[in-house]
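# Observations on the model geometry
Residue strings, one per chain:
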Amino acid sequence: QVQLVESGGGLVQPGGSLRLSCAASGSIFTIYHMGWYRQAPGKQRELVASTTRGGGTEYADSVKGRFAISGDNVKNDVYLQMNSLKPEDTAVYYCRMSNWGRVYDYWGQGTQVTVED
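Residues numbered from 1 in each chain as written. Predicted model: local features only at pLDDT ≥ 70, side-chain atom pairs only at ≥ 80, totals over all residues. Heavy atoms only, no water.

This part takes up the overall build of the protein. Regarding its fold elements, the protein presents zero helices and eleven strands. Counted from the first residue to the last, the protein has its helices and strands arranged as β-β-β-β-β-β-β-β-β-β-β. Radius of gyration (C-alpha) of the protein: 14 Å, near the 13 Å computed for a compact globule of 117 residues. Projected onto the principal axes, the alpha-carbon positions of the protein cover approximately 40 × 25 × 25 Å. The buried share among the 117 residues of the protein stands at 44%. Residue pairs at least 24 apart in sequence account for 53% of intrachain contacts in the protein once pairs closer than 6 positions are excluded. (Helix = DSSP H or I, 4+ residues; strand = E, 2+ residues; numbered from the N terminus. Rg over C-alpha atoms; globule rule 2.2 N^0.38 Å. Buried < 20%, exposed > 50% of the residue type's maximum accessible area, 1.4 Å probe, protein only. Contact = heavy atoms within 4.5 Å.)

Structure (structure tokens):
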């Protein structure tokens, strides 16, 4: 079994920054996909950013230029640097790690990010 533990969420004012971290532990498989998703109240969970072991990245249009994802393939950690935060970024943020074919696919428990004055 694999456990993903997120940290770094909190309350921040608009324009501020936060850095989310996600650490994997347990029976680690070869992680290929690492990603961050978010779910706001009353909305569906959506992809925020993802990266692969090969270094490719993908971002939601709403966060391009403000957020940056990075992964540590040695530590099996993934990070999300969030800058210029907006109230609409308020959500529970989840990390996800999967192997190549997503046969092994794990989610963290989520960390709350609240952006308000």
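On to the sheet that holds strand 8 (residues 77–82), then. Overall, antiparallel pairing links the four strands, which are arranged 1-3-8-7 in an open sheet. Both outer strands of the open sheet, strand 1 (2–7) and strand 7 (67–72), are each paired with one neighbouring strand and no more. Adjacent strand axes in the sheet meet at a mean angle of 15° when their direction is disregarded. Pairing analysis gives six bridges linking strand 7 to strand 8, with the strands arranged antiparallel. Counterpart to alanine 68 in the pairing with strand 8 is glutamine 81. (Pairing = 2+ DSSP bridges. Axes fitted to C-alpha atoms, helices over the stretch in contact; angles between N-to-C directions.)

With that out of the way, let us pick up the pairing of strand 3 (residues 18–26). Of the strand pairs in this sheet, strand 1 and strand 3 are connected by six bridges, and their pairing is antiparallel. For valine 2, the partnering residue across the bridge sits in strand 3 and is glycine 26. By the bridge criterion, six bridges tie strand 3 to strand 8 in an arrangement that is antiparallel. The partner of alanine 23 across the bridge, within strand 8, is aspartate 77.

Under the definition given, this model contains five salt bridges. The shortest N-O distance in the salt bridge between aspartate 61 and lysine 64 comes to 3.0 Å. The exposure class assigned to aspartate 61 is exposed, which follows from its relative accessible area of 63%. Two residues, aspartate 89 and arginine 66, come together in a salt bridge whose shortest N-O distance is 2.8 Å. In this pair, aspartate 89 sits in the loop between strand 8 and strand 9 (91–98) while arginine 66 sits in the loop between strand 6 (57–59) and strand 7, placing the two residues 23 residues apart along the sequence. Assessed through its relative accessible area of 0%, aspartate 89 is described here as buried. With a relative accessible area of 11%, arginine 66 lands in the buried category. Through salt bridges that share partners, Arg38, Glu46, Arg66 and Asp89 make up one connected network. (Salt bridge = Lys/Arg side-chain N within 4 Å of Asp/Glu carboxyl O.)

Across all of its chains, the model carries one disulfide by this definition. Note that cysteine 22 is cross-linked by a disulfide to cysteine 95, the S-S spacing being 1.9 Å. A residue pair is termed long-range when its members are at least 10 positions apart, and cysteine 22 in strand 3 and cysteine 95 in strand 9 qualify at 73 residues. Relative accessible area serves as the criterion here: at 1%, cysteine 22 is assigned to the buried category. (Disulfide = S-S within 2.5 Å.)

So far we have only geometry, and geometry alone does not tell us how the molecule works.
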